[in-house]
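Descriptive structure summary
What follows is the residue order along each chain.
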Amino acid sequence: MRQRPIPGSSGRVRPMGLLGDPVLHAPCEPVTDFGPALAGLVEDLFATMYSARGVGLSANQVGVPLRVFVYDCPDDEDVRHLGHIVNPRLVSVEGVVVRGPEGCLSLPGLEAGTERYDIALVEGVSSDGSPVRVLGTGFFARCLQHETDHLDGVVYPGRVSGWRRARVLRQARRSGLRPPADGGVPVSEPPVQRRESD
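Since the model is a prediction, treat every value here as computed from it, not as a measurement. (Residues numbered from 1 in each chain as written. Predicted model: local features only at pLDDT ≥ 70, side-chain atom pairs only at ≥ 80, totals over all residues. Heavy atoms only, no water.)

**Here we look at the overall build of the protein**
Helices and strands together make up the secondary structure of the protein, namely three helices and six strands. Element order for the protein, N to C, with α for helix and β for strand: α-β-β-β-β-β-α-α-β. A burial count over the protein gives 48% of its 198 residues as buried. Expressed as a percentage of contacts within the protein between residues at least 6 apart in sequence, the contacts between residues at least 24 apart total 67%. (Helix = DSSP H or I, 4+ residues; strand = E, 2+ residues; numbered from the N terminus. Buried < 20%, exposed > 50% of the residue type's maximum accessible area, 1.4 Å probe, protein only. Contact = heavy atoms within 4.5 Å.)

**Remarks on the confidence of the model for the protein**
Summarising the model, the protein shows a mean pLDDT of 90, and 89% of its residues fall at 70 or more. Every residue in residues 186-198 scores below 50 in pLDDT, and together they form 28 contacts with partners more than four places removed in sequence or on other chains. (pLDDT = per-residue confidence, 0-100.)

**Concerning helix 3 (residues 162-174)**
With 13 residues, helix 3 ought to run about 18 Å at 1.5 Å a step, and its terminal C-alpha atoms sit 19 Å apart, in line with that. Of all the positions in helix 3, only Arg165, Val168, Leu169 and Ala172 are classed as buried. Buried residues of helix 3, seen end-on, are gathered within an arc of 95° and therefore sit on one face of the element. Exposed residues pointing more than 90 degrees away from the buried face of helix 3 are listed as Gly162, Trp163 and Arg174. Residues of helix 3 that are buried in the fold lie against strand 4 (111-125). (Expected span 1.5 Å × (residues − 1). Arc of directions from axis to C-beta.)

**Some words on the pairing of strand 5 (residues 131-137)**
Burial along strand 5 is one-sided: the face carrying Val132, Val134 and Gly136 is buried and the face carrying Pro131, Arg133, Leu135 and Thr137 is not. As paired strands, strand 4 and strand 5 are joined by seven bridges and run antiparallel to one another. Following the sheet pairing, Glu123 is matched in strand 5 by Arg133. Between strand 4 and strand 5, which pair antiparallel in sequence order, lie five residues; one of them, Gly129, sits at a positive phi of approximately 90°. (Pairing = 2+ DSSP bridges.)

**Considerations on the nonpolar core**
Counting residues in hydrophobic clusters, the biggest one holds 17 residues, and the most contacted among them are Phe69, Tyr71, Ile85, Val134, Phe140 and Leu144. Elements supplying a minimum of two residues to this core: strand 2 (68-74), strand 3 (80-103), strand 4, strand 5 and helix 2 (138-151). Per-element tally for this core: the top contributor is helix 2, with five residues. Not counting residues up to four positions away in its chain, the partners in contact with Leu144 are Phe69, Ala120, Val122, Val134, Leu135 and Gly136. One finds Val42, Ala59, Val64 and Val70 within the second-largest nonpolar core, a separate group that totals 14 residues. (Core = buried A, V, L, I, M, F, W, Y, C linked by side-chain atoms within 4.5 Å.)

**Quick word on the environment of His84**
One can find His84 in strand 3. Each C-alpha atom of the pair His84 and Ser126 lies 6.7 Å from the other, and the pair is 42 residues apart in sequence. A polar contact of 2.9 Å, which involves the side chain of His84, links it to the backbone nitrogen of Ser127. (Polar contact = N/O pair within 3.5 Å; in protein donor to acceptor, adjacent residues only side chain to side chain.)

**As for the packing of aromatic side chains**
The final tally for this structure, using the stated rule, is three aromatic pairs. Both rings, one in Phe46 and one in Tyr50, keep their centres 6.0 Å apart while their planes meet at 25°; by these two values the pair is stacked. Highlighted residues: Phe46 and Tyr50, both in helix 1 (residues 36-52), separated by four residues, approximately one helical turn. Its relative accessible area of 3% is what places Phe46 among the buried residues. Seen from their ring centres, Phe69 and Tyr71 are 6.2 Å apart, and the 55° between their planes marks the pair as tilted. According to the relative accessible area criterion, Phe69 is buried, its value standing at 0%. What makes Tyr71 buried here is its relative accessible area of 6%. Through pairs of rings, three or more aromatic residues link up here, namely Phe69, Tyr71 and Phe140. (Phe/Tyr/Trp six-rings, centres within 6.5 Å; stacked < 30°, edge-to-face > 60°.)

Given below as structure tokens:
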């Protein structure tokens, strides 16, 4: 039986961007070159994510403003989801809205109760251009929404409001991070159509 390589095993760990880095707060460009450089970026993203002990990582978190993210994330049933998506689109969100603790490798050691839908559908392509369609539930749905947000220039403090937002931004400043004046982005709803559950 042929063994598949471990994602990230040929990649290198890249420096992590932190809250306040301009590349984290601007929308990323679509990928148009599907050559070896893209495959190398995906490997580097996996290597960096595993080194930081994360469950997802977007290209702009390592300073590359392209629409790519990787994930190795369980859902609420403890089923492991492993892969990458190039040029992802958050097609739909549905189900109940759950406020849960959310962290980010670009805000190390911090988290805030963040509302996310518990079902999310993302479509895009793989690094070789093949279509990809990923449906996530529970924690994995949260991961898909979080990483897609990153590629739109949204860091999770932009999804919280009131005292939760004030607290996480205060903690970020105390940790030496320099959040933008608006905390990353204005509070807004996910840029997708919500489908009602049956």
